[in-house]
Structures are given as structure tokens and as C-alpha cells.
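Spelled out from the first residue to the last, the chains are:
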Amino acid sequence: MNVWRRSAAVTVPRPGTALAARRPAVRPIMLLACVSALYGVAQLLLVSPSLGIGWDEAVYASQVAPHAPPAVFSAPRAQGVPLLVAPVVAVTDSVVMLRLYLTVVSAAALFGAFSVWLRVRADHVVPLAALLFAGCWLTLFYGNQAMPNLYVALAAVAATGFVVLAERSRLAPVGLAGSLAVMSLMRPSDALVAAVVLAAGALAVVRRRRVATLAALVAGLGVGWGQWAIEAQARFGGFATRLRDASEHNAMGWSVSFVEHARALDGPTLCRFGTDCGPVSPVALIWWLAIPMMAALGLCAAWREHRLAPMLLAAGTGVAMALPYLFYVDYAAPRFLTPAYALLSLPVAEAAVAGLRLRRPVAVAVIAGLLAHLVLQGAYAYGMGAGNRHGRDEIGQAAAELRSLGVRPPCLVYGENGVQIGYLLGCDSQGVIQRFAERLPTRIRQALEGPAQVVVVHKDLRLPPYMLTWEEIDLAGPWTARFARR
């Protein structure tokens, strides 16, 4: 408790003190604003705004899009992303406009989340942490995509800062509740893990507003989990049934997926459903192992400066949010670890700033490491954007050809990437990942009995016998369409 009070006392110097005289010449908030603006520009340069819509994005966007029926919404998903994209999706079906909107939102969210920490550390550590996180390929690649993980990460950064500030700010619990609400609407399970750690931190270090802080955590969780529970009752047969279905869908259970995550450090975006994630990249592995090492050095530097508690809370929350994906999910998606990277960027930046104050060889090594991080991760982001753009362009071309062939609502698209194609056409959809059903699915049979036009799209998967007699038309690239015979 004494360590915390000493940390809080020296974190933000008051005017007239010796520390106040050593404030940076360039205000940290201006540096953070520059980082946020550069983050938005980097997204546009490295990941084109013309990148086609992804599977998960189409599911989320279709929930609020007036031009397309809602796609199948699986049990683990939450309504945070549909709420995020609703302002633009409700007025246009343009994917480019969606990308531009999310570029602005993500850059603003980066600024907002890390600006909370400027109340904790009024120096260059915070803008440097934002730069380190913004420079990760995950942050760049997903910045303008309708996915939840980036916003979970930024909400976690803000939430930890608000817990630190709760001792001396009456508004901190309000900000904390808002941050947890965003997090729980995006991914309720991530928010629950973060809230447990933050509650422990609040009990350990907050005295004056401990009850208000804990109440804020409960209120924030209640927003997302309450919505999820109500939806579970209305659409999934109850809360327990939805939890069970979500667990099965995400292959949850005791497992160790370190190797899978290591293989996916430089892509692809998902190591599941037979995707070949390739070998472990030695360069990417060095980058990965440097993060905990630098974070540990940052905690040591913070301890020497008598401000360990804030950085320890950030690091502990980040590690806790990574553990379920490393030990309880039997596959790897690099974006799952985004919150950990965001929170660990703070102690890593602490270590970097401490290194820059040492002798020239150490400072030069730190600068070289920072540049290597930005170049390596920027190259990964560009490669991921280019690789995904080719496949999504073909999906867009296939949808355009189907439209030219007269496919219009009411219609149902069934097959590989059927969710994206259905969204682009304004059709109902049922996607296929590994194989077509050997028997005609009930949903497809019901569509055939009604007025809807049923179209099957495929490129690699073997077709079941009942489709072989359907009319076949070649589409762009590797795509083929089959039109159901009634």
C-alpha cells in the first residue's frame, strides 16, 4: 500500500516541483495525437480501404444492415461490433466507406485509450507505448476491420488507467464503467477476465473510492453480460445452453497452444480448420520473446522510480487476458492476444525510455530495436493486407457476376465464403468451411420450397451427390456457382 501511495505521489508532478521542471519540451498529448494520426494513415497505406469484407465482418455487419438479412449469429459472438458499425452500415453497403469509418474510429480510440494514461504518466512513456502497439501488424491489419479484439484491447488499456486514477479522481469510476461496458459488449469473456484482475488491483491499491471502483466494474460487466444473457434466452435456448454451445464452437478445454500461436506470429489470421500455418519464423519468435523480457525490464525500471504499481497492474491484466487463449482454446488466432500486446506495451515503453537515458551504445540499441519492430510489423501488415485482398477481390468479383446473372433477393447463398457473397448480394446465407453436408440441410430445403433463389458457391470442396445435377456456371477466378433445380 505504501508503494502504491509513493507511486501515485510522483507519477504526475505538480507545478512548482523539481520534477515539473523536467517535463518534456514536446507535450506528450501532442505526441500521442501524432501517433494516432500516423496510425490512421498507416492503415490506409498498408491495408487498402478497398479490402473486401471478411467472413466475421459480414456476420457482424449483416445484423444491422438494411440491405442484407442477418447472417447466422453463432453462440460465442456478441453485439458490440454490430453496434460499432451501425452508423455507417445503416446508410450504405459500401465496404470502402466502412473501412474509412473504422480507420477514423480506431485512430480516435487509440488516442482516447492511451490518453487516460497521460494522467498517470505525464511523459514520453505513454505516446511511445501507443506507437509500439499501433505498429503491431495486428493493430494495423485489423484497425479498419469490423472485428472486436482491437476495441477490447483499447478498452482494457483505458480501464487499467482508470483503476489507477480512482484514488484521486471522482470521474475515474465512470470511465472505468464505460470501458468495461465496451469490453463486455465486444467480448464478454475477455471482459470477465480483465475485471477479475482489475478488481484485485482495486482491492489492493484503492482506498478512497474502492466501493465505487468495484461497483463500476460490476456495472460495466453487467452491460455486456446482461445483453448476452437476454439474447441467450431469446435466441439460444437459455444462458447455460449458449455457454455450452459457445464452448464447443471455440474448442474450449484444457490445452496448450503456444506452438500454434508461435507459428501464427507472421500469419495467417487463423490456425484452424486445416489451415497450414507453416513453421515458426525465427525472426517473429525473437520479436515475441523480446516482449516479456522488455516488459520485465520495464517493471524493474518502474520499481526503481517508485511507480511500479500502475505498470504492474497493466502487465498483470495483459498476461491474464492472454492465458485463456494459450491454455484453454485449442487453436490459434493471432488477434486473440491483441489485448495482451496493448497492455504490455506500457511496461515495454517504460524499459525503452529507461534505456534511452543510459549510455549511447544502449540508447542506440534501443532505437534500433524500435525501428526493427516498426519495420518488421509493418511488413507483416502489408503482406497480410495484400494476401487477403487477392482472395477477397475474387469473392467480390464472384458476387458481381452472380448479380449480373440476375441473383436478387429473395435468395440464399450456400457454400464456401457464402456469408460474404450473401452479404454483398443482399441474400440470406449459410457458409461452409470444411465440407458440404452430405444431406440437403433443412434450411436449404426450406428455401427451395419457398420463393427464394438458392445458389451454391464453391471452389475447392467436394460436392455432395444432390448438387451434381444442378446447373453449373463458372465465375471469376476459382469460383463456380450451381443453381438449384426445383
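What you are looking at is a predicted structure, and each value in this text was computed from that prediction instead of being measured.

K.L.:
Where do I start with the pairing of strand 4 (residues 471-474) in this structure?
P.N.:
The side chains of a regular strand alternate, first on one face of the sheet and then on the other. In terms of strand pairing, strand 4 meets strand 5 (residues 480-483) through 4 bridges, oriented antiparallel. Within the sheet, the bridge partner assigned to E471 lies in strand 5 and is F483.

K.L.:
What should I look at first to understand the packing of helix 18 (residues 360-404) against helix 19 (residues 418-425) in this one?
P.N.:
For any two helices packed against each other, the geometry comes down to the angle between their axes and how far apart the axes lie. At a minimum axis separation of 9 Å, helix 18 and helix 19 run at an interaxial angle of 50°. As the angle between them shows, helix 18 and helix 19 are arranged oblique. The handedness of the crossing between helix 18 and helix 19 is right-handed. Within the contact between the two elements, helix 18 uses I395, G396, A398, A399, L402 and R403 and helix 19 uses Q420, I421, L424 and L425. By residue class, the composition of the contact of helix 18 with helix 19 is 7 nonpolar, 2 polar and 1 charged.

K.L.:
Would you explain helix 12 (residues 210-235) in this entry?
P.N.:
Along an α-helix, a turn takes 3.6 residues, which lines up residues three or four apart on a common side. The terminal C-alpha atoms of helix 12, which comprises 26 residues, lie 37 Å apart, in line with the 38 Å expected from a rise of 1.5 Å per residue. For helix 12, the principal kink sits at G222 and spans about 30°. Taken as a whole, helix 12 has its buried residues at T213, A216, L217, G220, L221, G224, W225, W228, E231 and A232. The inward-facing, buried residues of helix 12 abut helix 10 (172-186), helix 11 (188-205) and helix 13 (239-249).

K.L.:
Please explain the packing of aromatic side chains as it appears in this structure.
P.N.:
The way to describe two aromatic rings as a pair is by their centre distance and the angle between their planes. For the structure on display, the rule yields 14 aromatic pairs. Consider the rings of W228 and F239, whose centres lie 5.7 Å apart with planes at 85°: the pair is edge-to-face. In this pair, W228 sits in helix 12 while F239 sits in helix 13, placing the two residues 11 residues apart along the sequence. Positioned above the aromatic ring of Y60, the side-chain terminus of R77 is 5.1 Å from the ring centre. The ring centre of Y331 lies 4.1 Å from the NZ or CZ of R272, which sits over that ring.

K.L.:
I keep staring at the pattern of salt bridges and nothing clicks. Help me out?
P.N.:
Think of it this way: side chains of opposite charge can pair up when their charged atoms draw near. Inspection of every chain in the model, using the stated rule, returns 12 salt bridges. In this structure, the salt-bridge partner of D123 is R121, at a minimum N-O distance of 2.5 Å. By the burial criterion, D123 is buried, and R121 matches it. Taken together, the shared-partner salt bridges connect E57, R99 and R392 into one network.

K.L.:
What should I look at first to understand the state of the cysteines in this one?
P.N.:
Joining two cysteines, a disulfide is a covalent bond between their sulfur atoms. Counted under the stated rule, the structure contains 2 disulfides. A sulfur-sulfur separation of 1.9 Å characterises the disulfide bridge that pairs C271 with C277. Measuring the twist about the S-S bond at about -140°, one finds the C271-C277 disulfide to be left-handed. Across this residue pair, the class does not change: C271 and C277 are buried. The side chain of C411 participates in a disulfide bridge whose partner is C427; the two sulfur atoms lie 1.9 Å from each other.

K.L.:
Could you clarify how one ought to interpret the packing of helix 15 (residues 282-304) against helix 18 in this entry?
P.N.:
Helix 18 packs onto helix 15 with a crossing angle of 125° between their chain directions and a minimal axis gap of 12 Å. The pairing of helix 15 with helix 18 is recorded here as oblique in orientation. In the crossing of helix 15 with helix 18, the sense of the turn from one axis to the other is left-handed. Contacts from V283, A284 and W287 in helix 15 reach H373, L376, Q377 and Y380 in helix 18.

K.L.:
Explain the sheet that holds strand 1 (residues 411-416) here, please?
P.N.:
Remark on secondary structure: sheet strands pair via backbone hydrogen bonds, oriented parallel or antiparallel. Overall, mixed pairing links the 5 strands, which are arranged 2-1-3-5-4 in an open sheet. Whereas interior strands pair on both sides, the edge strands pair on one side only; in this sheet they are strand 2 (428-432) and strand 4. For this sheet the average axis-to-axis angle between neighbouring strands, irrespective of direction, equals 20°. In the sheet, strand 1 pairs with strand 3 (residues 453-458) via 5 bridges, with the strands oriented parallel. Among the inter-strand pairings, C411 is bridged to a residue of strand 3, identified as Q453.

K.L.:
Mind showing me how you'd approach the nonpolar core here?
P.N.:
In terms of nonpolar packing, the biggest core is built from 122 residues, with F114, F133, L176, L180, M183 and Y341 touching the most fellow members. When residues in this core are grouped by element, the largest group, 14 residues, is from helix 9 (residues 149-165). Sequence-distant contacts of L176, defined by excluding residues within four places in its chain, comprise A159, F162, V163, L198, T213, A216 and L217. Listed in part, the 16 residues of the second largest apolar core include I395, A398, I421 and A481.

K.L.:
Help me understand unusual backbone geometry in this model?
P.N.:
The phi angle of most residues is negative, glycine excepted, and most peptide bonds adopt the trans form. In the segment running from G267 into P268, the intervening peptide bond is cis, with an omega of 0°. Position of P268 relative to the elements: it lies in the loop between helix 14 (258-263) and helix 15. For the bond from P409 to P410, the omega torsion is 5°, close enough to zero to count as cis. Structurally, P410 can be placed in the loop between helix 18 and strand 1. Positive phi is not limited to glycine here, since H306 has a value of about 60°. Following the sequence through the fold, H306 ends up in the loop between helix 15 and helix 16 (308-327). In this structure H306 comes out as partly exposed when scored by relative accessible area, which is 37%. The backbone of N417 shows a phi angle near 55°, a positive value even though the residue is not glycine. For N417, the location among the structural elements is in the loop between strand 1 and helix 19.

Reading the values: the criteria
- Residues numbered from 1 in each chain as written.
- Predicted model: local features only at pLDDT ≥ 70, side-chain atom pairs only at ≥ 80, totals over all residues.
- Heavy atoms only, no water.
- Pairing = 2+ DSSP bridges.
- Helix = DSSP H or I, 4+ residues; strand = E, 2+ residues; numbered from the N terminus.
- Axes fitted to C-alpha atoms, helices over the stretch in contact; angles between N-to-C directions.
- Parallel < 35°, antiparallel > 145°, perpendicular 65-115°, else oblique.
- Left-handed = near helix turned anticlockwise from the far one by under 90°.
- Contact = heavy atoms within 4.5 Å.
- Nonpolar A, V, L, I, M, F, W, Y, C, P; charged D, E, K, R; others polar.
- Expected span 1.5 Å × (residues − 1).
- Bend = angle between axes of the 7 residues up to and from the residue.
- Buried < 20%, exposed > 50% of the residue type's maximum accessible area, 1.4 Å probe, protein only.
- Phe/Tyr/Trp six-rings, centres within 6.5 Å; stacked < 30°, edge-to-face > 60°.
- Lys NZ or Arg CZ within 6 Å of the ring centre and 35° of its normal.
- Salt bridge = Lys/Arg side-chain N within 4 Å of Asp/Glu carboxyl O.
- Disulfide = S-S within 2.5 Å.
- Core = buried A, V, L, I, M, F, W, Y, C linked by side-chain atoms within 4.5 Å.

Just geometry here; none of it tells us what the structure is for.
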